[in-house]
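Read off the chains here:
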Amino acid sequence: MRRQDTRAVQPPAAPADPATVGPDVPQYSRAMVLAVWAAAAAPMAVLAWVVAPALAGHAPSPRRFFLVLLSALTVGLLWQAVLVLILVLRERRDPSWTNVRDRLWLRPPRTSTRQGGRLWWWIAVYAGALAVLDLVPFGPTGPDNRSFGTFLGSDVGRQTFHHAWALYALVVVELVLNTALGEELLFRGLLLPRMGRAFGRADWVVNGVLFGVYHLHEPWVIPNAVLTGFLCAGPTKRYRSALMGIAIHSVEAVFFLVILFPVVLG
């Protein structure tokens with residue numbers, strides 16, 4: 001009679017979604033996902049609530065505080081782009097652009113039967129939903145001295161941006177880092193493809209929640225940011241393309257730059 005194998009059987013991890021886990025994309029543990037999240041969220045919070053007020057000085061003018069805060073947050077977003085580069089290079093995979101692009105899902109949207117083409121039109125659908133979300137009042141508005149919209153709507157804000165092309169360029173850099181090379185690349189390009197084994201089919205939901213809670217530097221937007229995270233992570237996961245999330249999120253940036261341009265042109 002054969003002896004029964006009495007060795008302890010380890011419980012399996014959450015099943016990885018085959019649509020998420022690719023052969024060339026390494027998978028993160030839950031602890032690693034949270035560590036990367038903290039490496040992005042903590043610096044932004046410190047820059048916003050500690051560094052910016054310290055650099056602005058005691059009782060700064062609205063103009064000075066705005067410029068210091070904008071510069072500080074731009075540095076934080078730049079760090080996120082550097083963080084993505086560091087983590088991708090640490091994976092010790094093929095360093096060619098083609099391989100890095102695939103590991104960051106920087107490729108056209110795809111399904112099992114189609115790639116690109118009409119799939120790009122889904123950007124308009126999700127971007128429209130994001131626009132509606134931004135128009136609906138959602139929770140507290142936050143302090144006036146930390147609101148870009150409030151500052152721009154004031155006389156001081158309009159005077160600050162009048163013919164200030166260098167400042168406009170800084171805003172462009174900040175928004176590009178916010179919607180492409182910083183937040184979106186980190187959350188949808190780096191994290192989401194690596195969360196499948198740890199969170200299974202709920203990876204995009206967890207990604208959206210983490211994206212919302214990441215906004216410790218402006219906590220009043222967290223409820224709205226969670227929904228924004230869902231609107232960007234959902235299509236990114238469905239079509240295995242971080243370009244979807246980047247494009248959807250970038251609609252906000254383009255709209256803001258269009259609104260700001262006449263103020264600068266004066």
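Residues numbered from 1 in each chain as written. Predicted model: local features only at pLDDT ≥ 70, side-chain atom pairs only at ≥ 80, totals over all residues. Heavy atoms only, no water.

## Focus: the overall build of the protein
The condition that has to hold: Helix and strand definitions follow DSSP, with helices as H or I runs of at least four residues and strands as E runs of at least two, each counted in order from the N terminus. Only protein chains enter the accessibility calculation, which uses a 1.4 Å probe; a residue whose area is less than 20% of its type maximum is buried, one above 50% is exposed, and one in between is partly exposed. The contact criterion used throughout is that any non-hydrogen atoms of two residues lie within 4.5 Å.
From N to C terminus, the protein includes twelve helices and zero strands. Element order for the protein, N to C, with α for helix and β for strand: α-α-α-α-α-α-α-α-α-α-α-α. In the protein, which comprises 266 residues, the proportion classed as buried is 45%. Here the analysis covers contacts within the protein between residues at least 6 apart in sequence; of these, 76% occur between residues at least 24 apart.

## Let's talk about the layout of surface pockets
Definition in use: Here a cavity denotes grid points, spaced 1 Å and computed from the protein atoms alone, that fit a 1.4 Å probe unable to get out, and a pocket denotes an open set having protein on both sides within 12 Å along at least 5 of 7 lines; residues with an atom within 4 Å of a point are the lining. Grid points are joined across faces, edges and corners, and a volume is the space filled by probe spheres set on the points. Residues are grouped as follows: Ala, Val, Leu, Ile, Met, Phe, Trp, Tyr, Cys and Pro are nonpolar; Asp, Glu, Lys and Arg are charged; all remaining types, including Gly, are polar.
The computed volume of the largest pocket comes to approximately 1600 Å³. Around the largest pocket, the lining comprises 48 residues; the ones closest to its centre are D134, F148, E218, V221 and E252. Elements represented by at least two residues in the lining of the largest pocket include exactly α1 (30–56), α2 (62–90), α4 (122–135), α5 (148–153), α7 (165–181), α11 (222–239) and α12 (242–265). If one sorts the elements of the lining of the largest pocket by residue count, α12 sits on top with seven residues. By residue class, the composition of the lining of the largest pocket is 27 nonpolar, 14 polar and seven charged.

## Side note on the environment of L104
Take L104: it is sitting in the loop between α3 (97–103) and α4. Measuring from C-alpha to C-alpha, the distance between L104 and R194 comes to 9.5 Å, with 90 residues separating the pair along the chain. Setting aside chain neighbours within four positions, we find L104 in contact with V84, V88, L185, G189, L190, R194 and A242.

## Comments concerning the environment of R93
Along the chain, R93 turns up in the loop between α2 and α3. Judged by its relative accessible area of 38%, R93 is partly exposed. Considering only alpha carbons, one finds R93 and V25, 68 residues apart in sequence, at a separation of 9.2 Å. What R93 contacts, discounting residues up to four positions off in sequence, is D24, P26, N99 and R103.

## Quick word on the packing of α1 against α2
To be explicit about the condition: The axes used here are C-alpha line fits, helices contributing only the stretch in contact, and every angle between their N-to-C directions lies in the interval 0 to 180 degrees. Relative orientations are named as follows: roughly parallel for angles under 35 degrees, roughly antiparallel for angles over 145 degrees, roughly perpendicular for angles from 65 to 115 degrees, and oblique for any other angle. Crossing handedness: left-handed means the near helix sits turned counterclockwise from the far one by under a right angle, and right-handed means the same turn made clockwise.
For the pair α1 and α2, interaxial distance at closest approach is 9 Å and the crossing angle is 155°. Compared by their axis directions, α1 and α2 come out roughly antiparallel. At the point where α1 passes α2, the crossing takes the right-handed sense. Class assignment of the residues belonging to the contact of α1 with α2 gives a composition of 22 nonpolar, two polar and one charged.

## Observations concerning a nonpolar patch on the surface
Note the threshold: Residues form patches when they are more than 30% accessible in relative terms and have no salt bridge. Like charges link within 9 Å. Nonpolar side chains (Val, Leu, Ile, Met, Phe, Trp, Tyr) link within 5 Å. Per-residue and other accessible areas follow the Shrake-Rupley method at a 1.4 Å probe size, with only the shown protein chains counted as cover for residues. Note on definitions: salt bridges are taken to be side-chain nitrogens of Lys or Arg within 4 Å of carboxyl oxygens of Asp or Glu.
On the surface, a cluster of nonpolar side chains totalling about 330 Å² of accessible area is made up of W204, V205, V209, V213 and L216. Within the secondary structure, W204 sits in helix α10 (residues 203–213).

## Description of the confidence of the model for the protein
Parts of the prediction with low pLDDT should not have their coordinates interpreted in detail. To keep things clear, this is the line we draw: One confidence number per residue, pLDDT, is output by the predictor and ranges from 0 to 100.
Across the protein, pLDDT averages 87, with 90% of residues at or above 70. The spread of mean pLDDT over the elements of the protein runs between α5, the lowest at 84, and α10, the highest at 97. Note that residues 1–23 has pLDDT below 50 and, in this model, 27 contacts with residues that lie over four places away or in other chains.

## Comments concerning α1
Filter applied, for reference: The length a helix should cover is 1.5 Å for every residue beyond the first.
The terminal C-alpha atoms of α1, which comprises 27 residues, lie 38 Å apart, in line with the 39 Å expected from a rise of 1.5 Å per residue. Looking only at α1, the buried set comprises V33, V36, W37, A40, A41, M44, A45, L47, A48, A52 and A56. Check the buried side of α1 and you find it contacts α2, α8 (183–191), α9 (196–199) and α10. Residue G57 follows α1 closely and has a positive phi angle near 85°.

## Structural notes on the nonpolar core
Within soluble globular proteins, side chains that are nonpolar tend to cluster in buried spots. Heads up, the condition is: Residues belong to a common nonpolar core when they are buried Ala, Val, Leu, Ile, Met, Phe, Trp, Tyr or Cys residues joined through side-chain atoms within 4.5 Å.
Counting residues in hydrophobic clusters, the biggest one holds 43 residues, and the most contacted among them are V36, L104, L186, F187, L190, L191 and Y214. Among the secondary structure elements, those contributing two or more residues to this core are α1, α2, α7, α8, α9, α10, α11 and α12. Counting 15 residues, the second-largest nonpolar core is a separate cluster that includes F66, A164, L167 and V171.

## Considerations on unusual backbone geometry
Most peptide bonds take the trans configuration, and most residues that are not glycine carry a negative phi. For A59, which is not glycine, the phi dihedral falls at a positive 45°. Mapped onto the elements of the fold, A59 is located in the loop between α1 and α2. The class for A59 is exposed, based on a relative accessible area of 64%. Of note, the phi angle at W105 is positive, near 55°, even though the residue is not glycine.

## Some thoughts on the pattern of salt bridges
Throughout the structure, instances matching the rule amount to six salt bridges. Where R158 meets D155, a salt bridge forms, and the shortest distance between an N and an O atom there is 2.4 Å. Of this pair, R158 and D155 both sit in helix α6 (residues 155–161), three residues apart, which is roughly one turn of that helix. For the salt bridge of K237 with D203, the shortest nitrogen-to-oxygen distance reads 2.9 Å. Here the residue K237 occupies a position in helix α11, and D203 occupies one in helix α10, the gap between them amounting to 34 residues. Across the pair, D203 and K237 agree in class, each one buried.

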